[in-house]
Amino acid sequence: MTHTDIADTEKAGARPGDGGPKKVFVKTYGCQMNVYDSQRMSDALAADGYVPTETLEEADLVLLNTCHIREKAAEKVYSELGRIRKLKDERARDGRETVIGVAGCVAQAEGEEIIARAPVVDIVIGPQTYHRLPDAVRKARAGGKVVETDYALEDKFERLPQLHKGEVRRRGVTAFLTVQEGCDKFCTFCVVPYTRGAEVSRPVSQIVAEAERLAEAGVREITLLGQNVNAWHGEGPDGRQWGLGELLFRLAEIPGIARLRYTTSHPRDMDDALIAAHRDLDALMPYLHLPVQTGSDTILKAMNRRHTAADYLRLVDRIRAARPDIALSGDFIVGFPGESDADFEATMQIVRDVTFVQAFSFKYSPRPGTPGAEMGDQVAEAVKDERLQCLQALLTTQQRAFADTLVGRRTDVLIEKPGRAPGQWAGRSPWLMPVILDEKPGEIGDIVDVRITRTGTNSLFAVTA
Ligand code: 5AD
Ligand code: SF4
């Protein structure tokens, strides 16, 4: 047994004589997997006596969990490090030591260059080695610089401490659970296969055990995470190869788990069993993030997406035949090298054909080391700007139109937390949109029947039905 149960070690945090427990401030950039990873890093550090803080100034350890997907995301880290350097100097004047760590995909991609560019950094640690973080922190506190960016041979999930019930509860009734990491697809714009490495699926038993622990702590909704989540596969207890569809059925059996979601999927990996799960499994929410990136076959090919626009449309038809009320969300890139006006128009057309309730759209950002960055015919920034505006206007219209169709309808909402205004309560609809209620409809964790009364900017308002 390599797990350390934090419950047993948490008391080690109180250190009379040196001003109480050490505090860790974690700032998370990028995707939901980084949110999950940040939580697991905090869990690992809790075993060493670190308690989380939301206040940077009081942190003995600052961790930036970074994103490398676009240039802007990566650059944010360096400006934040400039700010943190001043803070570290101020704390040093007061005789307090501060350890600074950079984790995540920038750490993996840039390694020790980070310390060369920002000497304030003590630890650089890639996503595959988070189980070694407590050790790295000890070394840094002893005065060393630590760079951990190997693809570790040991299973980090086995070695990370188990979730602590109290902490899970504090985080709420919805939780992320990473089931798969890495990517073998090599889309030509994307750094993920380089920063997160090859595709690895966690075994069924590990995933079920983690989901059960979440459920015991009161979690009602689990979102399974993976860079290529629907490529997840593993051996079921029946000895058969399972795909994500079978895994979802198994997780739905866990008492307390009422809602399941998964993200992010690749169109090539939507198999029949997964589509059947959307038809037959009530707990699987009718919402699917299925990036298409572009509607142009020429650009899809240049992106190495391995499907055409027609393949995507056929797939959407099959999914909608299985689950007619499913809401689709997508990712889009405009201005990939070689994208002509006609290619961009094909993207507009596929958006009109499919109708997305939610979307993330980006200007292409050349990433060092990816094939896209080496391609000729890069698109001018002004053209990218114009196309992005045009696409976003269409996507926003679709998003609003979908919200409008919900007004007057009944649906169920998982109550998550008090709302921003006094007396308000907030939850989520099956389609992931936040729902605000003006009265307390039940306890946190309850799923209640509501009627949508009106739409807000990014949310819906409702009354109990
Ligand atoms: N430039 C712009 N957007 C990108 N994405 C990934 N790489 C890039 C890049 N180099 C987008 C894709 C992906 C989402 C997570 O980020 O749309 O689906
Ligand atoms: Fe990146 Fe493509 Fe893999 Fe998604 S499928 S992580 S976009 S390489």
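Everything discussed here concerns the structure shown above.
As a convention, each chain's residues are numbered from 1 in the sequence order in which they are written. Chain letters start at A and ligand numbers start at 1, both assigned in the order the entries are written. Residues qualify for local features only when their pLDDT is at least 70, as the model is predicted, and side-chain atom pairs are given and counted only at 80 or more; totals for whole chains, interfaces and linings, by contrast, use all residues. As a rule here, side-chain values cover all heavy atoms of the structure and leave hydrogens and water aside.

(A) Focus on the overall build of the protein. On a plain count of helices and strands, the protein comes out with 17 helices and 21 strands. For 465 residues, the compact-globule formula gives about 23 Å, and the C-alpha radius of gyration of the protein, at 23 Å, lands near that figure. Dimensions of the protein along its principal axes, counting C-alpha atoms only, are 65 × 55 × 50 Å. Only protein chains enter the accessibility calculation, which uses a 1.4 Å probe; a residue whose area is less than 20% of its type maximum is buried, one above 50% is exposed, and one in between is partly exposed. Across the 465 residues of the protein, 54% fall into the buried class. Residue-level accessible areas treat just the shown protein chains as cover; the underlying method is Shrake-Rupley with a 1.4 Å probe. Just so you have it, the protein exposes about 20200 Å², and 51% of that area is on carbon and sulfur atoms. Numbering of helices and strands runs from the N terminus, with a helix taken as a DSSP run of H or I at least four residues long and a strand as a DSSP run of E at least two residues long. Note that the radius of gyration is over C-alpha atoms, with the globule rule given as 2.2 Å times the number of residues to the power 0.38.

(B) Just the site of ligand 1, in detail. Proximity is defined per residue: any heavy atom of the residue falling within 4 Å of a molecule or strand makes that residue near it. Taken together, Ile 69, Arg 70, Phe 189, Gln 293, Asp 331, Ile 333, Phe 362, Lys 363, Tyr 364, Ser 365 and Arg 367 make up the full set of residues adjacent to ligand 1. In protein, a polar contact means a hydrogen-donor-capable atom and an acceptor-capable atom, both N or O and within 3.5 Å, with residues adjacent in sequence counting only if both atoms are side-chain atoms; elsewhere, any N or O pair within 3.5 Å suffices. Arg 70 places a polar side-chain atom, nitrogen or oxygen, 2.9 Å from an oxygen atom of ligand 1. Measuring from an oxygen atom of ligand 1, one finds a side-chain N or O atom of Gln 293 at 2.7 Å. For ligand 1, the accessible surface in isolation is 410 Å², of which the surrounding protein chains cover 87%. Those elements that place two or more of their residues in the shell around ligand 1 are β15 (327-334) and β16 (358-363). The class makeup of the residues in the shell around ligand 1 is 5 nonpolar, 2 polar and 4 charged. Residues are sorted three ways: Asp, Glu, Lys and Arg are charged, Ala, Val, Leu, Ile, Met, Phe, Trp, Tyr, Cys and Pro are nonpolar, and all the rest, Gly among them, are polar.

(C) A look at the site of ligand 2. Near ligand 2 the following residues occur: Cys 183, Lys 185, Phe 186, Cys 187, Phe 189, Cys 190, Val 192, Pro 193, Asn 228, His 266 and Arg 305. Split by residue class, the shell around ligand 2 holds 7 nonpolar, 2 polar and 2 charged.

(D) Summary view of the nonpolar core. Grouping buried Ala, Val, Leu, Ile, Met, Phe, Trp, Tyr and Cys residues that are joined through side-chain atoms within 4.5 Å yields what is termed a nonpolar core. Among the nonpolar cores identified, the biggest contains 57 residues, and Leu 224 and Tyr 262 are the most heavily contacted of them. Judged by nonpolar contacts, the second largest core, of 24 residues, contains Ala 59, Val 102, Ile 114 and Ile 115.

(E) Representation of the packing of helix α10 (residues 204-216) against helix α11 (residues 244-252) within the structure. At a closest axis distance of 10 Å, the pairing of α10 and α11 adopts a crossing angle of 35°. For the pair α10 and α11, the crossing hand works out as right-handed. Residues Val 204, Ile 207, Val 208, Ala 211 and Glu 212 of α10 form the contact with α11, whose own contacting residues are Leu 247, Arg 250 and Leu 251. Of the residues in the contact of α10 with α11, the class split is 6 nonpolar, no polar and 2 charged. Helix axes are fitted only over the stretch in contact, all axes being lines through C-alpha atoms; the angle between N-to-C directions runs from 0 to 180 degrees. Rotating anticlockwise by less than a right angle from the far helix to the near helix defines a left-handed crossing, while the corresponding clockwise rotation defines a right-handed one. Note on contacts: a residue pair is in contact if any heavy atoms of the two residues lie within 4.5 Å.

(F) Region of interest: the sheet that holds strand β17 (residues 410-418). Taken together, the 5 strands give a closed barrel; going around it, the order is β17-β18-β19-β21-β20, and neighbouring strands pair in mixed fashion. Each adjacent strand pair in this sheet contributes to an overall mean axis angle of 55°, direction not counted. Strand direction decides the pairing type here: β17 and strand β18 (residues 425-428), joined by 4 bridges, are antiparallel. Considered in β18, the bridge of Pro 418 is made with Trp 425. Only strands joined by at least two bridges in the DSSP assignment are considered to pair.

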